[in-house]
Amino acid sequence: MANRGNFSGRIGFILAAAGSAVGLGNIWRFPYLAGENGGAIFLLVYLGCILLLCYPVMVGEIAIGRAANSDAYGSYNKLGGKKWGYLGLFGIIAGILILSFYNVVAGWAFGYFLHISFGDLLNLQDFGGFFGAFVNDILDVSSAHGLANSNLIFSLFFMVFTAIIVSQGIQKGIEASNKIMMPSLYLILLGIIVYSLTLPNAFSGVKFYLVPDFSELKIQTVVDGLKQAFFSLSLGMGALITYGSYLSKKENITSSAAVISIADTSVAFFSGLMVFPLVHFLAFKLNINPTEIGTSGPPLIFVVLPQIFHEMGPILGRIIGGSFFLLVCFAALTSTISLLEVPVAYLVDQKKYNRKGVVWAMALIIFVCGLPSMVSQGMMPALNKLGFYRGQDFLTFISDMSDICLTVGGCLMSIFISRRWGIHNMDAELANGNNNYMTSRVRKFLHITLKWIAPILLGFLSIVIILEKFFGIENLI
Ligand code: TRP
């Protein structure tokens, strides 16, 4: 495979992988999961999952990709034979599923960015009502609120942005765009945090977020923490195999993976630090208890935050609110790029198709796969309450199924490394670019985690997650 493309060096790779990791998961899902699971205690469990399970899986994935120098399917196939190739295919399909609904939510964020920056969204009174109408009526161009409201168009645009970048290839597309968007994202995030900490009552939010209450520790906390950690680090479906395959043998994988994990975790942490002071500020303004503000679920950033921006007044609200949604769009775009690259790399490597053509064809197919998720938010009642899925909507169903694919994929990957490819082969790959690896403590840690801890714990938790999804965790314990 002469010219598959490659990252220009360590920084390009780290930024791209961190860009894949940092996404809606960090800014949209992490704060509300933390809110639902007791704040600080969730943070602790989450950090434990990252260290014990996610870091080893991440190193393993990157090593597989770089050793095989191929896409997700090709890598497993090359190192482990055809049967294992199916695990790669499973990952590619999981990636398509994720991107299909992810792009819908990214489209909402893009719509909100436009509405807040250039429209009159902040003049509304009923933010919940607006969000309900917004996601419900995907085609309406002149809604009851007088705002252009077509989230079909917004999400189509988002897919087009993604495709334009991916079609430019690894260095000119993926790497270059991440080099602009990732630093901007950090700057915006830090700027909003600094501002939010100056608001009245901000520190009561910080306290909720940072002081753990151990009585809140439940099995649900661990299950949610693990799912979130896998999703947030983009693990378990071959995105990092694909990115790893573009990494030079000179670079150090173990330290790069540490930087990527820290970059991702810090954005999740900072998002909480941005959101909780804002929520407590709103509670103060409205003179209610913060627990009365529904911070759970998707409405957190689409209903509660806009209301807060509204409280900030017309000019400041527009600036802070517009910056916030721009931040969300950047975070989402660096992730959708990595998701689209997975099937694209497969088709380019295995079927030798032309990159540009494949990018646009896949983007279109995945966009169409996302339509059921898009109309499941109210427009189509049949998809809004799935009978076989405890009355939940289709978007939630697909998102839950992808969570399952990731932990199952991660579990099988650790089995692949320790029982099929061979941990000594992974060692040999990791020693490239890291002269001290063979005698390091990281090596011992990776051996124990990938041989025993990851397969057993991920296997067990995957089963719990599957049972939880289909039967409800209350019924399990
Ligand atoms: N990690 C991203 C987020 O937190 C989502 C994402 C991008 C992803 N690529 C992935 C999740 C690959 C799983 C696998 O939003």
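These remarks concern the structure in this document. (Residues numbered from 1 in each chain as written. Predicted model: local features only at pLDDT ≥ 70, side-chain atom pairs only at ≥ 80, totals over all residues. Heavy atoms only, no water.)

On to the overall build of the chain, then. The secondary structure content of the chain amounts to 19 helices and zero strands. With 477 residues in all, the chain has 60% of them scored as buried. Within the chain, residue pairs in contact and separated by at least 24 positions form 79% of the contacts whose partners lie at least 6 positions apart. Of the roughly 17,800 Å² that the chain leaves accessible, carbon and sulfur atoms contribute 67%. Taking the average place of the 29 positive charges on the side chains of the chain and the average place of its 24 negative ones, the gap between the two points comes to 14 Å. (Helix = DSSP H or I, 4+ residues; strand = E, 2+ residues; numbered from the N terminus. Buried < 20%, exposed > 50% of the residue type's maximum accessible area, 1.4 Å probe, protein only. Contact = heavy atoms within 4.5 Å. Areas by Shrake-Rupley, 256 points an atom, 1.4 Å probe, with all protein chains shown as cover. Lys, Arg positive; Asp, Glu negative; His and termini not counted. Charge placed at Lys NZ, Arg CZ, Asp CG, Glu CD.)

This part is about the packing of aromatic side chains. Describing an aromatic ring pair means giving the distance of the ring centres and the angle of the ring planes. Applying the stated rule across the entire model yields 39 aromatic pairs. Directly above the aromatic system of Phe231 lies the positively charged group of Arg29, at a separation of 4.6 Å from the ring centroid. (Phe/Tyr/Trp six-rings, centres within 6.5 Å; stacked < 30°, edge-to-face > 60°. Lys NZ or Arg CZ within 6 Å of the ring centre and 35° of its normal.)

Let us now look at the side chain of Ser155. Within the fold, Ser155 resides in helix α7 (residues 151-167). What makes Ser155 buried here is its relative accessible area of 1%. The residues contacting Ser155, other than those within four sequence positions of it, are Asn103, Val104, Gly107, Phe367 and Met374.

Let's shift gears to the site of the ligand. Inspection of the region around the ligand gives 17 residues, with Ala21, Gly25, Tyr102, Phe231 and Ser232 positioned closest. Note that an oxygen atom of the ligand is positioned 3.3 Å from one of the side-chain N or O atoms of Asn26. Starting from 360 Å² of accessible surface for the ligand in isolation, the protein chains cover 100%. Secondary-structure elements contributing two or more residues to the shell around the ligand are α1 (10-21), α2 (24-36), α5 (82-118), α10 (219-232) and α14 (314-351). For the shell around the ligand, the class distribution of residues is nine nonpolar, eight polar and no charged. (Near = heavy atom within 4 Å. Polar contact = N/O pair within 3.5 Å; in protein donor to acceptor, adjacent residues only side chain to side chain. Nonpolar A, V, L, I, M, F, W, Y, C, P; charged D, E, K, R; others polar.)

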